[in-house]
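Chain residues, written in single-letter form:
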Amino acid sequence: MQTLSTVSSSRTINTASKDLLARILASENLTVQHDPKASTAAFDTKNRVLILPAWTGMTNEVYDMLVGHEVGHALFTPHNDTDDKAQGPWCGAAEEIAGTAHASIAHVYLNIVEDARIEKLMKEKFPGMRRDFYKAYEQFVTDDFFGIKGRDLNKLPLIDRINLQYKMGTCMDTGIQFSPVEQSFIKRIDSCRTFDDVKSIVSDIWDYESRLKEEAEKQKQEANAAGKSDDAQDGEDGETTQVPVSGADEQEDGDPSDNGASSNTPDDSAEGDKQGSGNRADTDDKQDKQDKKTPESAGSSVGQGADKMQHDSAPPSSTTQQRFDDSVKKMTARSGTNYQYYDLPTCNPENIIIPYADIEKIIADHRSTLTADFLKQHDNMFQDAKKKYEKFAADSAPIVSLMAKQFDLRKAADAAKRTSVAKTGILDTVRMVNYKVTDDIFRRNTVVREGKNHGLVMFIDWSGSMSPTLLDTVKQLMQIALFCRRCNIPFEVYAFTSCVIKDDLKALDHYDTSVHGKQWNIKNKDKDARFHMFSLLNFLSSKMRPNQFKQAMQNLFAIAMSQTDGTWYYTMPPSLGLSSTPLDEAIVAAMQIVPKFREDNRLQIVHSVFLTDGDTSGSFAYGGGVYSRKFLNDPITRKSYEVTTSTNTLLEVFRDRTGCNAIGFFLYNNKQVIRLSHMFTEYVKDKSGMRVMKNSSKGMDYSNKQIQSYTNNGFAVVHPTASGYTEQYIIRADVRVENDDAMNNLGSDATMTRIKNAFMATAANRMKSRVLLNRFIDLISK
């Protein structure tokens, strides 16, 4: 999961916990993004994305309050198509109230009243957050976030006084006064429950403030017409005169879609101090007489069409909200690092998986095109492969039987652990005669908790670098397949390759072609992560009939022979040859393949094994030529992950999404395993959220132990933090599957010591050469 830590001189906040807090509060798996480029928090009510800036210098209470505030919008602020057409949440309502010209200012009014409503509802729903809101606004007042230090609050415009009443009033007595008509708005805000209530209140406040402004302007014009000087007029009416606000054209950021943003013009700030409440009561009386109604009786004018009074100018915007937004912006860590977010696309498995029947057809079609010489080589190779496979299967039979017996014993031991005996409280007539010496005279029930059924999906690297060891690797896979069939364990074996061999998918690796679109569901080419085209060769399956399985094993043995021994290379179809390493693509496909496999076979636990000898061929996590921190959003789990390496990150997404184990086997063909010491090192997150190595004596001990294990036994265990796998093993690529029995080489005069040593050597070699099979048995017998 994404973890960005914001740091101040005195505190560090782990934002991963804030992501979890947001999801818990919203009771929804929101997508949470921390973006240092964001100037303020915002919530996309349509796409359910919470964007939080990388705030610094904040207490936990302030951070929690800001998160809670935005979650309040997620829970209680509606979204509709009108907002999309108006380019932003609530803007449809703002245009209804003020028209297009002044919608940006009406948006601020809606924002302030809606903030009051959703914060009230959040504190009702989560009473424990009351302290966070109290402490947060207490800090905001202390740090003068609203820009009111030294100002008379009762001379501020109504919208500013409302804003301060519901924000500052959380932690203190503001001393703000409201006229009787203004107090009616406060009562309505106190009792409002829905967004329609908010629109109705804002519409009436807008009309009320607009009338006051128009009356003040009218008085000024009459005074000017009467010959009063500008200086005298300013002295007499300075507190009521306002300059019309131009509206959306002068909005500071020009983006009315930001929930937390408010607009203001240069004149707003100047006139805000002049606007007071001292003459509001007199004006209220005049307005009551003229209109013969109060805002309480007027109701909402939204949607009334011609009945709604139209005003040429807009009332003042909120200077306190603008100052608050500016203050919060200053607390964001606006680093120069380039942050990039990607969405993880889905794939179409039907256009990626090559079924076994198609593989057999590809081989048959290729044979029909061969010349006489190559046809003879082809047939000879298959005959040779058939003989060698049959010998391998025969030699493996006793080993597989032994492994199956060990598996049964381990299952029985596990069942014993899961067995419990309970007294029933009913007398046992056999035991009751012993009542003088023991109180164990009651019947018992033996209960065996249900064991778990397992399945296996294997993904094998079909790249060119596998050529020297491909046949030995395939032999290990075959013994696993034989074992699974013997024990009735469902399984699938896929090979991932960049050879695209379906008839309608001949083109290779062009991102924006229609061919690429058949494999990948790209919704937004500028935002979705990009992957290459590839195929999964479904060589083996537990669904095969016995004859199909035998033929599939022979074909796989022959293909592996042809790629390992250059003598036979041209006798097999090029489309089944080795290619690059689309490991990342295979992991993304597994996110859909594995859950379906589990569902089809009604399994509780699925182990997904990825076997490769190198890194992925290409990745969305690199490129662009500019250093950046990259994040991957999973639209299914709605989690966001910082990309460490593309493969590790995708494995983390795979495990979270499927709940399945991801077991990695890394085939290494160099004896100097110390070159892989970074894979035995512990990794941690630093204060900025970056993944770094942790140097410690304990870590050195672990690394030395694994290097020694690789030297002695041919395998080592990767440190859990160095990999995205549940478990990952490094295996010597030249380890061969040993079926030979050293006992057969003993003469008739062999001593007991030689017989003992030969037996132990045979057992040890067989166990060491079956790392994959032994580890798989360990996993499924639990």
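Residues numbered from 1 in each chain as written. Predicted model: local features only at pLDDT ≥ 70, side-chain atom pairs only at ≥ 80, totals over all residues. Heavy atoms only, no water.

1. Thoughts on the nonpolar core
Val 71, Leu 110, Phe 140, Phe 146, Ile 162, Leu 164 and Trp 206 are the most contacted members of the largest nonpolar core, which has 66 residues in total. Among the elements that line this core, the one with the most residues is helix α5 (residues 103–125), at 10 residues. Judged by nonpolar contacts, the second largest core, of 61 residues, contains Ala 385, Leu 477, Met 478 and Leu 576. (Core = buried A, V, L, I, M, F, W, Y, C linked by side-chain atoms within 4.5 Å. Buried < 20%, exposed > 50% of the residue type's maximum accessible area, 1.4 Å probe, protein only. Helix = DSSP H or I, 4+ residues; strand = E, 2+ residues; numbered from the N terminus.)

2. Some points on the packing of aromatic side chains
By the definition in use, this model includes 20 aromatic pairs. Measuring from ring centre to ring centre gives 6.4 Å for Phe 491 and Phe 549, while their planes differ by 80°; the resulting arrangement is edge-to-face. Of this pair, Phe 491 sits in strand β12 (residues 491–497) while Phe 549 sits in helix α19 (residues 546–564), and the two are 58 residues apart along the sequence. Relative to Tyr 725, the ring of Phe 610 has its centre 6.3 Å away and its plane inclined at 50°; by these criteria the two rings are tilted. Separated by 115 residues along the polypeptide, Phe 610 in strand β15 (residues 605–612) and Tyr 725 in the loop between β21 (715–717) and β22 (727–732) bring together distant segments of the chain. For Phe 610, a relative accessible area of 0% puts it in the buried group. One aromatic cluster in this structure is built from Tyr 137, Phe 140, Phe 145, Phe 146 and Phe 324. Between the NZ or CZ atom of Arg 485 and the centre of the ring of Phe 549, over which it lies, the distance is 4.3 Å. (Phe/Tyr/Trp six-rings, centres within 6.5 Å; stacked < 30°, edge-to-face > 60°. Lys NZ or Arg CZ within 6 Å of the ring centre and 35° of its normal.)

3. A look at unusual backbone geometry
Here the phi dihedral of Asn 488 falls at roughly 60°; this positive angle occurs in a residue that is not glycine. Along the chain, Asn 488 turns up in the loop between α17 (470–486) and β12. Accessibility expressed as a relative area gives 68% for Asn 488, which makes it exposed.

4. Examining the state of the cysteines
Each disulfide consists of one covalent bond between the sulfur atoms belonging to two cysteines. Counting across every chain of the model gives 0 disulfides. With no disulfide partner, Cys 487 has as its closest neighbouring cysteine sulfur the one in Cys 484, 7.6 Å distant. Note on Cys 487: relative accessible area 18%, which makes it buried. (Disulfide = S-S within 2.5 Å.)

5. Topic: the packing of α5 against helix α8 (residues 180–191)
Relative orientation of the contacting elements α5 and α8 amounts to 40°, with a least axis distance of 9 Å. Between α5 and α8, the angle is such that the two are oblique. On the side of α5, the interface is formed by Val 113, Ala 116 and Lys 120, while α8 contributes Ile 189, Asp 190 and Ser 191. Along the lines of polarity and charge, the residues of the contact of α5 with α8 split into 3 nonpolar, 1 polar and 2 charged. (Axes fitted to C-alpha atoms, helices over the stretch in contact; angles between N-to-C directions. Parallel < 35°, antiparallel > 145°, perpendicular 65-115°, else oblique. Contact = heavy atoms within 4.5 Å. Nonpolar A, V, L, I, M, F, W, Y, C, P; charged D, E, K, R; others polar.)

6. Some words on the packing of helix α7 (residues 158–167) against α8
At a minimum axis separation of 12 Å, α7 and α8 run at an interaxial angle of 40°. As the angle between them shows, α7 and α8 are arranged oblique. By crossing handedness, the relation of α7 to α8 is classed as right-handed. Residue-level contacts link Leu 158, Arg 161, Ile 162 and Tyr 166 of α7 to Glu 182, Phe 185, Ile 186, Ile 189 and Asp 190 of α8. (Left-handed = near helix turned anticlockwise from the far one by under 90°.)

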